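Okay, here's what each chain looks like letter by letter:
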Amino acid sequence: MYRATKDIKLPTTITGSLPRPSWYTENLGTRSFLDAMVSTSFRDQYVDTVSVYLHEQEVAGLDIVTDGDAHFDQDIGGQSWTAYPTRHMAGFERGNPRPTPAGKGGLWFPPGHILHDYLESRVMANIVGPVGRGDLQYTPMWKAAQRLTKKPVKFGTIGPELVAFAVADRHYKNIKDRIYALADAFNEELHELADAGCEVIQFEEPQIHLLAVRNIVDAVINPKFSVEVFNRTVKGLRAKTEVWCHSCWGNPSQQRMFAQVQSYKAALPLFNEVDADVITFESCSAGGMDLEAFGQTIKDKKIAIGVIDHHTLQIERPEEIADHIRRALKYIPVERLVISSDCGMGREGMSRRHAFYKMVALVQGTNVVRRELGLPEATCLAADERYSLVVPTK
Ligand SMILES: [Zn+2]
């Protein structure tokens, strides 16, 4: 059901992660979030970081905010996004983690490539028993952020497939059973989060489009199965809250996983089948090449387009963003269009100021279009000339 985006035209948000402040030196490691929050040094740094993240998004003028994925550790390429569940769910071995073997298939990155470090950093616990929620503790994390702001905090999570692909398994007989078990555990966790009042939950990166464009015809791991996994993971959630399905072409170390810019076209009919209210698409990095296809294929869900690129340090100009939104509005009705970033900006490589000014540009660009359409504009304090420290010459 629509909650966070219910009453806003052209709502603005980002995908999730933000660059770490340099003074945030604590990491969770294998400690649970609640355990770590007992420590004054962790709690101070964590709460300060989330406060800064929320404040920067509010100063930019975003409508829906995130906690910047502040619970993730300072890992190579943002590996913590994948590793967090393996360190905190039940069924994983504690101790003795080793790099997960990587196949030399389509997404193999040889030594000498920056993403080889990412492969070497997949130091994951093995599955040794039935998988369960364990200490994921998404609800207390969301609460720790939501109590600092009146804006809805979107909570994002990795999905079961990527966790299943990243670990060695000594318990389940096949990968399908492993993915189902992870899906059911995430589903239980997300229900608790929705019951606690979270107005928007973002499920990140089902493999639908990544399998569809690579023409994967595997009997088990194929795009149809990926839709089934998504729907199993979010089962029942839309009766309680707003569910987003995020898709992109990768962002470890702010890299895309493919050498060439990809088109979503082959996967779009499948996105119609996912049990979500909003589908997010990377669009800035592709120059908006799929906008017409998004509008023609996705007819009964909201469509979030990325108008800022997480791979580059160049800050998009508000006029460019406004133009991107105008192009999207040719194919997507204004009441179904959401404005976002292509992906998270905090998985190693971008500075806080770059991420901040990208968010500011995102809101300024959206405001240009809102003005043209007679819609209410968001306050963007960061761009208010009254507070400039430089006195303009006459
Ligand atoms: Zn992404």
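Up top you'll find the structure we're talking about.
Below you will find a few notes about this structure. What you are looking at is a predicted structure, and each value in this text was computed from that prediction instead of being measured.

Side chains Val278 and Thr280 project from strand 8 (residues 278–281) onto one buried face, and the interleaved Ile279 and Phe281 project onto a second face that is buried too. In this sheet, strand 8 lies alongside strand 7 (residues 242–246) in parallel orientation, the contact comprising 3 bridges. The partner of Cys245 across the bridge, within strand 8, is Ile279. Bridge count between strand 8 and strand 9 (residues 302–308): 4 bridges; the pairing is parallel. Across the sheet, residue Ile279 finds its bridge partner in strand 9, namely Ile303. A crossover links strand 8 with its parallel partner strand 9, the connecting element being helix 11 (residues 291–297), and its sense is right-handed.

Around the zinc ion, the protein contributes the donor atoms His246 (NE2), Cys248 (SG) and Cys343 (SG), which lie 2.1 to 2.2 Å from the metal centre. In primary-sequence terms, the residues that donate to the zinc ion follow H-x1-C-x94-C. Taken together, the positions of His246 in strand 7 and Cys343 in the loop between strand 10 (337–341) and helix 13 (352–373) put the pair 97 residues apart, joining distant regions of the chain. Here His246 and Cys343 have matching classes, each one buried.

On to the side chain of Glu93, then. Residue position: Glu93 is located in the loop between strand 1 (90–92) and strand 2 (98–99). A polar contact is formed between the side chain of Glu93 and the side chain of Arg170, at a distance of 3.4 Å. Ignoring anything within four residues of it in the chain, the contact list for Glu93 reads Ala125, Asn126, Val128 and Arg170.

The subject of this paragraph is the packing of aromatic side chains. The tally for this structure, following the rule as stated, stands at 13 aromatic pairs. Measuring from centroid to centroid gives 4.1 Å for Phe281 and Phe294, while their planes differ by 10°, and the two rings are stacked. A residue pair is termed long-range when its members are at least 10 positions apart, and Phe281 in strand 8 and Phe294 in helix 11 qualify at 13 residues. By relative accessible area, which is 1% here, Phe281 ends up buried.

A few words now on helix 5 (residues 138–146). Within helix 5, 7 of the 9 residues are buried, leaving the element largely enclosed by the surrounding structure. Every buried residue of helix 5 is accounted for by Tyr138, Thr139, Met141, Trp142, Ala144, Ala145 and Gln146. The inward-facing, buried residues of helix 5 contact helix 1 (33–36), helix 2 (40–60), helix 3 (80–88), strand 5 (155–158) and helix 7 (175–196).

Our focus in this paragraph is the environment of Phe356. By the secondary structure assignment, Phe356 is in helix 13. It is 26 Å that separates the C-alpha atoms of Phe356 and Val334, two residues lying 22 residues apart in sequence. The contact partners of Phe356, leaving out residues within four places of it in the chain, are Glu56, Val59, Ala60 and Ala382.

Next up on the list: the side chain of Ser253. You can see Ser253 is positioned in the loop between strand 7 and helix 10 (268–271). What makes Ser253 buried here is its relative accessible area of 8%. Of note is the side chain of Ser253, whose polar atom sits 3.0 Å from the side chain of Glu348. Leaving out residues up to four positions away in the same chain, Ser253 has contacts with Gly77, Ile114, Arg347 and Glu348.

Okay, unusual backbone geometry next. One non-glycine residue, Asn96, lies in the positive phi region at around 60°. Within the element layout of this structure, Asn96 appears in the loop between strand 1 and strand 2. Positive phi outside glycine occurs at Glu348, with the angle close to 90°. Mapped onto the secondary structure, Glu348 falls in the loop between strand 10 and helix 13.

Look at helix 2 against helix 13: their axes get within 8 Å of each other, and the N-to-C directions meet at 35°. Every pair of crossing elements has a handedness; the one defined by helix 2 and helix 13 is right-handed. Between helix 2 and helix 13, the residues in contact are Val52, Glu56, Gln57, Val59 and Ala60 and Arg352, Phe356, Met359, Val360 and Val363, respectively. Taken together, the residues of the contact of helix 2 with helix 13 sort by class into 7 nonpolar, 1 polar and 2 charged.

About the cut-offs
Residues numbered from 1 in each chain as written. Predicted model: local features only at pLDDT ≥ 70, side-chain atom pairs only at ≥ 80, totals over all residues. Heavy atoms only, no water. Buried < 20%, exposed > 50% of the residue type's maximum accessible area, 1.4 Å probe, protein only. Helix = DSSP H or I, 4+ residues; strand = E, 2+ residues; numbered from the N terminus. Pairing = 2+ DSSP bridges. Right-handed = clockwise from strand over helix to strand, strands pointing away. Donors = N, O, S within 2.8 Å, 3.2 Å for Na, K, Ca; no water. Polar contact = N/O pair within 3.5 Å; in protein donor to acceptor, adjacent residues only side chain to side chain. Contact = heavy atoms within 4.5 Å. Phe/Tyr/Trp six-rings, centres within 6.5 Å; stacked < 30°, edge-to-face > 60°. Axes fitted to C-alpha atoms, helices over the stretch in contact; angles between N-to-C directions. Left-handed = near helix turned anticlockwise from the far one by under 90°. Nonpolar A, V, L, I, M, F, W, Y, C, P; charged D, E, K, R; others polar.

Any link to function would need more than the numbers given here.
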